[in-house]
Amino acid sequence: MLEFQNITVTLGNKKILDNVSFSIQKGRICVLLGKNGSGKSTLINTVTNAVKYKGNVRIFDESLRDFSARGRAKLVSVFPQILPETSFTVKELVSFGRNPYVSSMGMLSLYDRRSVAEAIDRVGISDLSDRTVLNLSGGERQKAFFAMMLAQDTPFMILDEPSTYLDSVSKRELYSLVKTCTAEYGKTVLIVLHDLSDVLEIADDIAVIDAGKLTFFGEVKKALDDQIIEKTFSVRRFDCSENGGKRIFFA
């Protein structure tokens, strides 16, 4: 379980997060929603200890403050909103996911190398292994960084707007990979999305932050029943037929 307990972040005289508390159960996908500037990325930064905060972030009922950076990296992998520029090859980039486990000599074991190869294959970019990341398309870069997360093999995964730059087909492939991580490997996922219509494709639970406060946390069905998305973002819901099924859009 990933638990946020009374998280408060203050910058100057402004509260960016105000007493935010909720917990994500093992094997579930929680989508974090909020308007721009609501505090979503700040909440993610508390997990990586990149921002000072009051309250507690707990994993397996232990405070993350009690772990070293290496220890946290064995528990939580993070897909950042802005991907860093790098001239490494895809294989080299994905290999960095094994850093928390390598010896002081920095040498990858046979198991590490297998983990890297399997992660690259799982996201479908084996043919790009020797290409430099700078020469990839936006969608290919997203997949390479996601493969690095898979290679890191943590029980908790946090993704900050990972579908940026992806077309509709690539987005669904990514969402399918995330759902596989929870269904088959029991990973717990917190993911920030900006496209409201994508939320229902992937979420088990929804957490909404508005002006630094948690205004809703619960299952998708309750969010729909209570019209949480419509009220928060001033949008309308549209129920449409698609490929013989039903899909919900917000606009």
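Residues numbered from 1 in each chain as written. Predicted model: local features only at pLDDT ≥ 70, side-chain atom pairs only at ≥ 80, totals over all residues. Heavy atoms only, no water.

Moving on, we get to the side chain of Asp198. Considering the arrangement of structural elements, one finds Asp198 in helix 7 (residues 196-202). A residue is classified by how much of its surface remains accessible, and Asp198, at 4% relative accessible area, is buried. For Asp198, the side chain forms a polar contact with the side chain of Tyr175, separated by 3.0 Å. The residues touching Asp198, leaving out its near neighbours within four places in the chain, are Lys171, Tyr175, Leu193 and Arg247. (Helix = DSSP H or I, 4+ residues; strand = E, 2+ residues; numbered from the N terminus. Buried < 20%, exposed > 50% of the residue type's maximum accessible area, 1.4 Å probe, protein only. Polar contact = N/O pair within 3.5 Å; in protein donor to acceptor, adjacent residues only side chain to side chain. Contact = heavy atoms within 4.5 Å.)

Quick look at the packing of aromatic side chains now. Under the criterion given, the structure shown has four aromatic pairs. When the centroid spacing of 4.9 Å and the interplanar angle of 85° are considered together, the rings of Phe88 and Phe96 count as edge-to-face. Looking at Phe88, the relative accessible area reads 37%, which means it is partly exposed. Between the NZ or CZ atom of Arg65 and the centre of the ring of Tyr53, over which it lies, the distance is 4.1 Å. (Phe/Tyr/Trp six-rings, centres within 6.5 Å; stacked < 30°, edge-to-face > 60°. Lys NZ or Arg CZ within 6 Å of the ring centre and 35° of its normal.)

This next bit is on the environment of Ala251. With respect to the secondary-structure elements, Ala251 resides in the segment after strand 12 (245-250). In sequence terms Ala251 and Phe238 are 13 residues apart; their C-alpha atoms lie 7.8 Å from each other.

Spatial strand order, 2-1-4-5: four strands in an open sheet with antiparallel pairing. The strands lining the two open edges of the sheet, one partner per strand, are strand 2 (14-24) and strand 5 (62-63). Along the sheet, helix 1 (residues 40-47) contacts strand 1 (2-11), strand 2 and strand 4 (54-59); its crossing angle with strand 1, the most-contacted strand, is approximately 115°. (Pairing = 2+ DSSP bridges. Axes fitted to C-alpha atoms, helices over the stretch in contact; angles between N-to-C directions.)

Here we take up the sheet that holds strand 8 (residues 188-192). One open sheet holds the six strands; their spatial order is 6-7-8-3-9-10, and the pairing between them is mixed. At either end of the open sheet lies a strand with only one pairing partner, and these are strand 6 (76-79) and strand 10 (213-219). The average undirected angle you get between the axes of adjacent strands in this sheet is 15°. Taken together, the four bridges between strand 3 (residues 29-33) and strand 9 (residues 205-210) define a ladder with parallel strand orientation. Bridge assignment links Leu33 to a residue of strand 9, and that residue is Val208. Across the sheet, helix 6 (residues 168-185) lies against strand 3, strand 7 (156-160) and strand 8, angled at about 135° from strand 3, the strand it touches most.

On to the packing of helix 5 (residues 138-152) against helix 6, then. Contact geometry for helix 5 and helix 6: axes closest at 12 Å, N-to-C directions at 5°. Overall, the two elements helix 5 and helix 6 adopt an arrangement that is roughly parallel. Contacts from Lys143, Phe146 and Leu150 in helix 5 reach Ser170, Glu173, Leu174, Leu177, Val178 and Cys181 in helix 6. For the contact of helix 5 with helix 6, the residue count by class is six nonpolar, one polar and two charged. (Parallel < 35°, antiparallel > 145°, perpendicular 65-115°, else oblique. Nonpolar A, V, L, I, M, F, W, Y, C, P; charged D, E, K, R; others polar.)

Our next topic: the pairing of strand 10. Bridge count for strand 9 against strand 10 is six bridges, and the pairing is antiparallel. Its bridge partner being in strand 10, Ile206 is matched across the sheet by Gly218. Hairpin connection from strand 9 to strand 10: two residues lie between these consecutive antiparallel strands, with Ala211 at a positive phi of about 55°.

Take the side chain of Glu3 next. The residue Glu3 is located in strand 1 in this model. Here Gln5 takes part through its side chain, which lies 3.3 Å from a polar atom of the side chain of Glu3. In contact with Glu3, not counting residues within four places along its chain, are Phe22, Ser23, Asn56, Val57 and Arg58.

Let's shift gears to helix 5. A rise of 1.5 Å per residue sets the reference length of helix 5, with its 15 residues, at 21 Å; its end C-alpha atoms lie 22 Å apart and thus fit the reference within 8%. In terms of residue burial, helix 5 counts as a mostly covered element, since twelve of its 15 residues are buried. Turning to helix 5, its buried residues are Gly139, Arg141, Gln142, Ala144, Phe145, Phe146, Ala147, Met148, Met149, Leu150, Ala151 and Gln152. Packing partners of the buried residues in helix 5 comprise helix 2 (69-75), strand 6, helix 3 (90-95), helix 4 (110-122), strand 7 and helix 6. Directly after helix 5, the chain includes Asp153, whose backbone phi takes a positive value near 55°. (Expected span 1.5 Å × (residues − 1).)

Turning our attention to the packing of helix 4 against helix 5. Contact geometry for helix 4 and helix 5: axes closest at 8 Å, N-to-C directions at 140°. If you check the angle between helix 4 and helix 5, you find them oblique. Taken as a pair, helix 4 and helix 5 cross one another with a handedness that is right-handed. Taken together, the residues of helix 5 that come into contact with helix 4 (itself represented by Ser115, Val116, Ala119, Ile120 and Arg122) are Ala147, Leu150 and Ala151. Looking at the contact of helix 4 with helix 5 residue by residue, the class counts come to six nonpolar, one polar and one charged. (Left-handed = near helix turned anticlockwise from the far one by under 90°.)

Just distances and angles here, no functional claims.
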